[in-house]
Amino acid sequence: MNLAGMASNRGRNLMHLADRAPGGSEFSVVLTNDADAPVLEKAETRDIPTETVVREDGESRRDHERRVLAALADYEFDLVCLDGYMRILSDTFLDGTPTTLNVHPSLLPSFPGTDAWGDALDAGVAVTGCTVHVVTDATDDQGNVVEETVDAGPIVTQEPIPVYDDDEKDDLTDRVLYQGEFRAYPRAVRWFAEDRVTVDRDAGAVHVDSDDNGQFPARRVTSGDRAAELRYGENPHQNAALYADYTADEASVVHAPQLNEGAKGMSYNNYNDADAALNLVREFDDPAAAVIKHTNPAGCATADTLASAYEHALATDPQSAFGGIVALNRECDAATAEGIVDSFKEIVVAPGYTADALDVLRGKENLRVLDVGSGVSQTPNDASGGQPRALGGQPEAPVEKPLVGGRLVQERDRQQPDLDDLEVATEREPTGEQLESMLFAWQTIKHVKSNAIVFANGTETVGIGMGQVSRVDAVRLAAMKADEHAEAKDADGAVMASDAFFPFPDGIGYAAEAGIEAVIQPGGSKNDDAVIEAADEHDMAMVMTGTRCFRHD
């Protein structure tokens, strides 16, 4: 799409559009009504043709616009973009060109006119912003400006910008430009370039395809409130802060009160690891416990009691569990608390604690105790007649990852395959116990960094291989962990889960050496036949889920 730009001064938005080329757009020409406008030199350095049409003394608005149209006549363009063009345009110009856009430094209809920034500061608003709108005729039949119709064209998009207590006009002007206009104007141009905009001039409205309340809208507006300044980030030389979303009503480490007064506060890594641990134990309905290090499970288990689940999770890799984070999906009781304080842990996360459990946990200096009991469901009475609180399933909120210059957003991995979803690929059929263990391992491996392998026996992990660049190395790491680190359990007779297909059969061979007897994996490799053949040679059962569960952050 070709653009014609019009500016009276620096034209910073126009040059930003030229540099970004949203939707593949490019300028055919930049026109100004001031022979000394800096935009001329800036356009020329970008090899953009320029035109200058200065209004002559006594020249009428419409006559000047006719000369502007004549200067543009030799250029092809599909959209006109104004940027500080200090002339009100009449129907003489607007009827002779394609759609014309302007960007205004406020959230129209608030603060129209030439000093929107000062007006916003004088009004004491907490939020202002910018508006990209379609330019409409703001003149009468004689070419005089009708003030109430200035900046009144249909809105294409807006961008909110905060106003801070200590803002001066220059501060706000720069923030609106760089954080607001530099986002909104390219967005609007891209929409036009992609032919996603319908302008209904009669109705004074603009419709943009997919700019709606769907799962992934064309435009996202987010806001966060700083909840805490953290001691430091991932490393001591990095500053960090925690921002909260107070609309969230699910169990969350962000909103969890810390129940042990005097313990040091949570760090960036503490929050990250605690969130990962909490999300893992949400997967299970039975009492579940997980021990997390660097957002990876060192062990996970479910059992008839929470204390047993924690004992089995810890036994997977007690060496790595040192200094780890413990997450529980039930109210923590005294027996579980006694197990937790038996070795050094950083944090405990649970949907509530009994009074006796708190007495035990508070006896451990600097063990942070987080109560994520808000937004949790009730479970049936336990054997003692109490009502322990249990976590619900995975949150509805999407998973987000900031990138330099952007942000990735995706649905959470909420898959929970059942027996009917599994396809047996080998001659050997898995037993009922193996199938139960496979499904447990699959729910766990969703929370292990890829490439990931989980060895499990019953509903407890016995070895975990995570974060490897080679799948066979992940198998070998899980086997080593089961052989050298696990206490009172090993991989003999266990099942193996793989978060993606095996590209080669070598991983099956290493698993067989470790004692694995059944495998759950997505399938889908061009070497599936060779992998299945290797499983048959080792008398393994193998099932395919048809879906993978990568986790890369």
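Residues numbered from 1 in each chain as written. Predicted model: local features only at pLDDT ≥ 70, side-chain atom pairs only at ≥ 80, totals over all residues. Heavy atoms only, no water.

**Here we look at unusual backbone geometry**
Put simply, the rule reads: Segments assigned H or I by DSSP are reported as helices when at least four residues long, segments assigned E as strands when at least two residues long, and all are numbered from the N terminus. For each residue, the accessible area found with a 1.4 Å probe, counting protein chains only, is set against the maximum for its type, and the residue is called buried under 20%, exposed over 50%, and partly exposed in between.
A cis geometry characterises the amide bond from leucine 108 onward to proline 109, with omega recorded as 15°. Turning to its location among the elements, proline 109 is positioned in the loop between strand 5 (100-104) and helix 5 (116-123). For the bond running from serine 450 to asparagine 451, omega is -5°, close enough to zero to count as cis. Notably, aspartate 47 is not glycine yet its phi reads approximately 60°, a positive angle. Mapped onto the elements, aspartate 47 comes out in the loop between helix 2 (39-45) and strand 3 (50-52). In this structure aspartate 47 comes out as exposed when scored by relative accessible area, which is 71%. Located in the positive-phi region is alanine 488, a residue other than glycine, with phi close to 65°.

**Quick notes on a negative patch on the surface**
For clarity, the cut-off: Patch members must show over 30% relative accessible area and no salt bridge, and they are joined within 9 Å when carrying like charges or within 5 Å when they are nonpolar side chains of Val, Leu, Ile, Met, Phe, Trp or Tyr. Note on areas: Shrake-Rupley, 1.4 Å probe, and residue coverage restricted to the protein chains presented here. What counts as a salt bridge is simple: a side-chain nitrogen of Lys or Arg found within 4 Å of a carboxyl oxygen of Asp or Glu. Lys and Arg are tallied as positive, Asp and Glu as negative. Neither His nor the chain termini are counted. A charged residue contributes its charge at one atom only: NZ of Lys, CZ of Arg, CG of Asp or CD of Glu.
A grouping of Asp165, Asp166, Glu168, Asp170, Asp171 and Asp174 is seen on the molecular surface, where their side chains present a negatively charged patch. Here aspartate 174 is to be found in helix 6 (residues 169-193). Residue classification places aspartate 174 among the partly exposed residues on the basis of a relative accessible area of 36%.

**Quick notes on the pattern of salt bridges**
Within the structure shown, the criterion is met by 22 salt bridges. The partner of arginine 220 in a salt bridge is glutamate 400, with the nearest N and O atoms 2.7 Å apart. Here arginine 220 is found in the loop between strand 9 (205-208) and strand 10 (225-229), whereas its partner glutamate 400 is found in strand 19 (residues 399-403), with 180 residues between them in sequence. Glutamate 400 sits in the partly exposed class, given a relative accessible area of 34%. Overlapping salt bridges bring together Glu159, Arg183 and Arg187 as one network.

**Comments concerning the state of the cysteines**
Threshold: Two cysteine sulfurs form a disulfide in these notes if their separation is within 2.5 Å.
Under the defined criterion, the tally for this structure stands at zero disulfides. There is no disulfide at cysteine 332, and the cysteine sulfur nearest it, in cysteine 300, is 16 Å away. On the accessibility criterion, cysteine 332 (0% relative accessible area) is buried. Cysteine 549 carries a free sulfur, and the closest cysteine sulfur to it, the one in cysteine 300, is 14 Å from it. For cysteine 549, a relative accessible area of 1% corresponds to the buried category.

By themselves, these observations are geometric and do not establish any function.
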